[in-house]
Every structure is written in C-alpha cells, then in structure tokens.
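In case you want the letters, here they are:
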Amino acid sequence: QVHLVESGGDLVQPGGSLRLSCRVTGLDRDIRVVGWSRQAPGKQRELVATLTTEGSENYRDSVKGRFTISRDNGTETIYLQMNSLKPEDTAVYYCNVQYYTGPGSWGQGTQVTVSS
C-alpha cells in the first residue's frame, strides 16, 4: 500500500522560508505527476504546484517565483521550497502523486502558518 507522509510545516514569519518534504513508500506503479495542494480554513483545496516525470513544472499564479517543487527519485521524496512566505500562504499542505492508471494517492497534510 502506498503511503505519503508530509513534514516540514511550521510557524514562520512573513518573508520567511520553509521546505516541505513528502516521503513516498510502498510504490507499486510508475508515477506520472507529483504535486502539492493546500487548504486554508473555510476554503476549498487548491493546487499549488505540479511536476511531471518529464520535468515540466506548473505553479498557481500566486506562488510563481516564490515556490519550487522538486523530486528525489532515489529516495522517492517530493519537496516544496517556499520562499517569501505571506500570511495568505497559511494552510494545510498536502502532497499527492498521480499514476498512469488508477486513482492517485494523498498524504495527511502538514500545517504551515505564516504570522508575525
């Protein structure tokens, strides 16, 4: 069974940085896309960044130039480097993987709070 475990969430001041990690274990299929989403209190979950196996990156407009998604295939870890954090980045961040067949997999989330 595939498990995704996020870590790295914390309380950080505006303008600060965090790096989120997502360790994937139990893989039994090839991954097509990895990604990060977030959900703020009272709001719908929104896609933040994706990375395909071909290396194509995509970001929502509000994080472009500040966030970077990456993947270490050797350790099956997905990262989200977040710089110049803003209070509106406060949310629970979830990593997910999409396969070539069947439904994807999600982690349980890690809390990021940006506040002075």
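These lines cover the structure that appears in this document, whether it is placed above or below. (Residues numbered from 1 in each chain as written. Predicted model: local features only at pLDDT ≥ 70, side-chain atom pairs only at ≥ 80, totals over all residues. Heavy atoms only, no water.)

**As for unusual backbone geometry**
Note: most residues except glycine have negative phi, and most peptide bonds are trans. The line we're drawing: Under the scheme used here, helices are H or I runs from DSSP no shorter than 4 residues and strands are E runs no shorter than 2 residues, and both carry numbers assigned from the N terminus.
One non-glycine residue with positive phi stands out, namely Glu 76, at about 50°. By the element assignment, Glu 76 lies in the loop between strand S7 (67–72) and strand S8 (77–82). A positive phi angle is found at Ser 84, which is not glycine, with a value near 50°. Checked against the element boundaries, Ser 84 lands in the loop between S8 and strand S9 (91–99).

**Focus on the sheet that holds strand S1 (residues 3–7)**
As a reminder of what qualifies: Any two strands between which DSSP finds at least two bridges are classified as paired. Convention adopted: a line fitted to C-alpha atoms gives each axis, helices being fitted over their contacting stretch, and angles between N-to-C directions are expressed from 0 to 180 degrees.
The sheet built from four strands is open, its strands ordered S1-S3-S8-S7 with antiparallel pairing. Of all the strands in the sheet, just S1 and S7 have a single pairing partner and so form its edges. Geometrically, the sheet is characterised by an average inter-axis angle of 15° between neighbouring strands, direction not taken into account. Bridging between strand S3 (residues 18–25) and S8 involves six bridges; their strand directions are antiparallel. Following the sheet pairing, Cys 22 is matched in S8 by Ile 78.

**Some words on the packing of aromatic side chains**
Heads up, the rule is: Only Phe, Tyr and Trp rings are paired, with Trp represented by its six-membered ring, and only when their centres lie within 6.5 Å; those with planes under 30 degrees apart are stacked, over 60 edge-to-face, the remainder tilted. Any Lys NZ or Arg CZ found within 6 Å of a ring centre and within 35 degrees of that ring's normal is scored as a charge over the ring.
Scanning all chains against the criterion turns up zero aromatic pairs. Of note, Arg 45 hangs over the ring of Tyr 94, and the distance from its end group to the ring centre comes to 3.7 Å. Arg 45 extends its terminal NZ or CZ atom over the ring of Trp 106, reaching a point 4.9 Å from the ring centre.

**Side note on the state of the cysteines**
The term disulfide refers to a covalent linkage connecting the sulfur atoms of a pair of cysteines. We count it as follows: Here, a disulfide means two cysteine sulfur atoms that sit within 2.5 Å of each other. Note on classification: 1.4 Å probe, protein chains only; a residue is buried when its accessible area is under 20% of the maximum for its type, exposed when over 50%, partly exposed between these limits.
In total, this model carries one disulfide according to the counting rule given. Here Cys 22 engages in a disulfide with Cys 95; their sulfurs sit 1.9 Å apart. Its S-S torsion of about 45° marks the bond between Cys 22 and Cys 95 as right-handed, since a negative value means left-handed. Note that Cys 22 is positioned in strand S3 and Cys 95 in strand S9, a separation of 73 residues in sequence. Looking at Cys 95, the relative accessible area reads 0%, which means it is buried.

**Brief notes about the pairing of strand S5 (residues 46–52)**
Here six bridges tie strand S4 (residues 31–39) to S5, and the two strands are oriented antiparallel to one another. In the strand pairing of S5, Trp 36 is matched with Ala 49. The sheet contact formed by S5 and strand S6 (residues 57–59) spans three bridges and is antiparallel. By the bridge assignment, Thr 50 is partnered in S6 with Asn 58.

**Some points on the side chain of Ser 21**
Let me state the cut-off plainly: Contact between two residues is taken to exist if any of their heavy atoms lie within 4.5 Å; hydrogens are not considered.
Mapped onto the secondary structure, Ser 21 falls in strand S3. Leave out the neighbours within four places in its chain, and Ser 21 touches Val 5, Glu 6, Ser 7, Trp 36, Thr 77, Ile 78 and Tyr 79.

Note that every value here comes from positions in space, so none of it alone points to a role or purpose.
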